[in-house]
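Summary of structural features
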Amino acid sequence: MSSGTGVSRRGLFTGLGAAGAVGLTTGGLLGAGAARVPEEEDPARILTLSRSGPEEGRPPALLTPTPAHVHVVAVDLRAEEPAEVSARAREVLAVWGERARDLHEGGLAALAPGAPTEGLRPASLGVTLGLGGALLDRAGLGDRRPAPLEDLPDFATDRLDPALCGGDLMLHVGAEDPLVVSAAVEHLLGMVREEATVRWSLPGFQRAAATAEDASATPRNLMGQVDGTVNPAPSEARFGPQVLAAHPEPATAWMDGGTYVVVRRVRMLLDDWFDLAPGERERVIGRRLSDGAPLGGDREDDLPDLAARDADGSPVIPDDAHIRLASPERTLGARMLRRGFNYDLGWKDGHREAGLLFTAWQADPRAGFTAVQEELDRGGDALNAFVRHEGSAVFAVPPALDTPPAAALW
């Protein structure tokens, strides 16, 4: 991560019809106490400045560290005939691409007088765009739809609301400040309101770097569990094969080097969860509450010992523990880059509307998310009693390059 204030133009979303990802720097708020810490050592201040990432050209959503706030929005195009759908898609993507570059250059306040971000500093704002499989079908481009973009199968834990699923296009906005995220989403959607309508949206959050005792520590979710252990890092050799798609075929070459993201809205039954004793919660997940270490292990990043037995001969990590069933040993080596964010929408009809905005980035959802979820179903994941999968979508995110391969899609 760069600590400078500039962001390279390489890797930005460019060109008409491009459907890649955009890294932006606009808006943001510096914590009042940051001046007491040397700038080069203060994570909160660094994150209010630009982020270039370990490898330019990748979507901001794949870069580290993960932003404290995100908002994922799915839109449908106001069109029916294939030619009109295709034209509207190109138009929306072109508008968002041009405005993204403007936001990168000067920030929202410079473009829109009276913007909520007036007077704020950069906040590592990043915009990532995706295309839904239904869009390609509606645009008459079904032959360009890669096999990994197929619809997800039905899972045992699904309680899906169709209004919270699917979508033609995805807008994923992340930043260190919620006001920056909100203003960017409003601005970008406002520019295409005649061409597209919001199908669903969900804001999410993690703990902020400014409040974390250790800004590099894995965040926790609303269940109090460390969430995001054993993620492939962009600097690791395994990152490419696990996260980046390979499509040498001419028809789907527009996605070569891109990635696929599964988005799930997972409501947590928090009253039931916290009725459990701490030890019972640990056995459901298979990790210690205190530090995220697997049961029987010493550190968070220890490999779970699935063969370990206690003095009574019972598995140290229970047979239905979440991490046992989701382990590569049970899923033929399935891996994905998990980015989980909390959401909290308050109460509705006396029930808490809170949980996990789960995003999984992978080379092929069939060998990643689907393989894991099917094993969780087969094994009777103990966590299933405390969560409800209410929203679901899959989007293709082409690579962000100066010469956009997605242009060939149209």
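Residues numbered from 1 in each chain as written. Predicted model: local features only at pLDDT ≥ 70, side-chain atom pairs only at ≥ 80, totals over all residues. Heavy atoms only, no water.

**Considerations on the overall build of the protein chain**
Defined as follows: Comment: elements are numbered from the N terminus, with helices defined as DSSP H or I runs of at least four residues and strands as E runs of at least two. When accessible area is computed with a 1.4 Å probe and restricted to protein chains, residues below 20% of their type maximum are described as buried, those above 50% as exposed, and intermediate ones as partly exposed. Note on definitions: a residue-residue contact is assigned when non-hydrogen atoms from the two residues lie within 4.5 Å. The method behind every accessible area is Shrake-Rupley, applied with a 1.4 Å probe, and residues are considered shielded solely by the protein chains displayed.
Within the protein chain one finds ten helices and nine strands. Here the protein chain holds 410 residues, and the buried ones make up 55% of them. Excluding contacts between residues fewer than 6 apart, the proportion of contacts in the protein chain whose partners are at least 24 apart in sequence is 77%. Of the roughly 17600 Å² of accessible surface on the protein chain, a fraction of 50% belongs to carbon and sulfur atoms.

**Side note on the pairing of strand S2 (residues 69-77)**
Counted only if it meets this: A strand pair is defined by DSSP finding two or more bridges across the two strands.
For S2, the tally of buried residues reaches nine of nine residues, placing the bulk of the element in the interior. Burial of the side chains of S2 extends over both faces: His69, His71, Val73, Val75 and Leu77 are buried on one face and Val70, Val72, Ala74 and Asp76 on the other. Looking at chain direction, S2 and strand S4 (residues 169-175) are connected through seven bridges and run antiparallel. Considered in S4, the bridge of alanine 74 is made with methionine 170.

**Some details on helix H5 (residues 178-190)**
Inclusion rule: What a helix should span is 1.5 Å times the count of its residues minus one. Here a polar contact means two N or O atoms within 3.5 Å. Within protein one must be a hydrogen donor candidate and the other an acceptor candidate, and residues neighboring in sequence count only if both atoms are side-chain atoms.
Between its first and last C-alpha atoms H5 spans 18 Å; for 13 residues at 1.5 Å apiece the expected length is 18 Å, and the two agree. Of the positions making up H5, those classed as buried are Val180, Val181, Ala183, Ala184, Val185, His187, Leu188 and Leu189. Regarding H5, its N-cap is aspartate 177, as a side-chain oxygen of that residue lies 2.9 Å from the backbone nitrogen of leucine 179 further along.

**Some thoughts on the nonpolar core**
What counts, and what does not: Nonpolar core, defined: a set of buried Ala, Val, Leu, Ile, Met, Phe, Trp, Tyr and Cys residues in which side-chain atoms within 4.5 Å join the residues together.
Membership of the largest hydrophobic core comes to 72 residues, with the highest contact counts inside it found for Trp96, Leu169 and Leu171. Broken down by element, this core gets its largest block of residues, seven residues, from H5. Apart from the residues lying within four places of it in its own chain, the contact partners of leucine 171 are His71, Val72, Val73, Trp96, Val127, Thr128, Leu129, Leu188 and Leu189. Formed by 21 residues, the second largest nonpolar core is a distinct cluster that contains Val261, Phe341, Leu357 and Phe395.

**Focus: the pattern of salt bridges**
Heads up, the rule is: In the sections that follow, a salt bridge refers to a side-chain nitrogen of Lys or Arg positioned within 4 Å of a carboxyl oxygen of Asp or Glu.
Taken as a whole and judged by the stated rule, the model has 14 salt bridges. Salt-bridge contacts for arginine 138 lead to aspartate 168; the nearest nitrogen and oxygen are separated by 2.5 Å. Taken together, the residues arginine 138 in helix H4 (residues 133-138) and aspartate 168 in the loop between H4 and S4 connect sequence positions 30 residues apart. Given the relative accessible area of 3%, aspartate 168 is considered buried. Among the salt bridges present, the one from glutamate 375 reaches arginine 330, with a minimum N-O distance of 2.8 Å. One end of the pair, glutamate 375, is in helix H10 (residues 369-379); the other, arginine 330, is in the loop between helix H9 (322-325) and strand S7 (337-348), and 45 residues separate them in sequence. For glutamate 375, a relative accessible area of 7% translates into the label buried.

**Overview of unusual backbone geometry**
Although it is not a glycine, serine 124 sits at a positive phi angle of roughly 55°. Within the element layout of this structure, serine 124 appears in the loop between helix H3 (108-111) and strand S3 (126-132). Using a relative accessible area of 5% as the deciding quantity, one classes serine 124 as buried. One non-glycine residue, aspartate 349, lies in the positive phi region at around 55°.

**Overview of the confidence of the model for the protein chain**
Quick note on the threshold: Note: pLDDT gives the predictor's confidence per residue, expressed from 0 to 100.
Taken over all residues, the pLDDT of the protein chain has a mean of 85, while the share at 70 or more is 85%. When the criterion is pLDDT under 50, residues 1-37 qualifies, and its contacts beyond four places in sequence or with other chains add up to 124 contacts. A low-confidence stretch, residues 51-55 (pLDDT under 50), is modelled with 17 contacts involving residues beyond four sequence positions or located in other chains.

**Here's the deal with the environment of leucine 131**
Tracing the chain through its elements places leucine 131 in strand S3. Considering only alpha carbons, one finds leucine 131 and valine 394, 263 residues apart in sequence, at a separation of 8.4 Å.

**Things to note about the environment of alanine 217**
With respect to the secondary-structure elements, alanine 217 resides in the loop between strand S5 (196-205) and helix H6 (239-243). Along the sequence, alanine 217 and glycine 228 sit eleven residues apart, while their C-alpha atoms lie 10.0 Å from each other.

**So, helix H8 (residues 278-285)**
To keep it simple, the criterion reads: Each C-beta atom gives one direction from the helix axis, and the arc is the one those directions make.
Listing the buried residues of H8 in full gives Arg281, Glu282, Val284 and Ile285. Projected onto a plane normal to the axis of H8, the buried residues spread over an arc of 160° and lie on a single side. Turning to H8, the residues buried within the fold contact helix H7 (270-275) and H9.

**A few points about the packing of aromatic side chains**
Note the cut-off: The aromatic pairing rule takes the rings of Phe, Tyr and Trp, using the six-membered ring of Trp, and pairs them if the centres are within 6.5 Å, calling planes under 30 degrees apart stacked, those over 60 edge-to-face and the rest tilted. By definition, being over a ring means that NZ of Lys or CZ of Arg is both within 6 Å of the ring centre and within 35 degrees of the ring normal.
Summed over all chains, the structure comprises three aromatic pairs. Arranged with centres 6.2 Å apart and planes meeting at 40°, the rings of phenylalanine 358 and phenylalanine 369 form a pair that is tilted. Of this pair, phenylalanine 358 sits in strand S8 (residues 351-362) while phenylalanine 369 sits in helix H10, and the two are eleven residues apart along the sequence. Among the aromatic residues, those joined into a ring-pair cluster are Phe155, Phe358 and Phe369. In this arrangement the basic side chain of arginine 265 is found over the ring face of tyrosine 343, its NZ or CZ atom lying 5.3 Å from the centre.

**Some words on the pairing of S3**
For S3, the tally of buried residues reaches seven of seven residues, placing the bulk of the element in the interior. Covered by surrounding structure in S3 are Gly126, Thr128, Gly130 and Gly132 together with Val127, Leu129 and Leu131, the residues of both alternating faces. Here two bridges tie S3 to strand S9 (residues 387-397), and the two strands are oriented antiparallel to one another. Bridged to leucine 131 within S9 is alanine 396.

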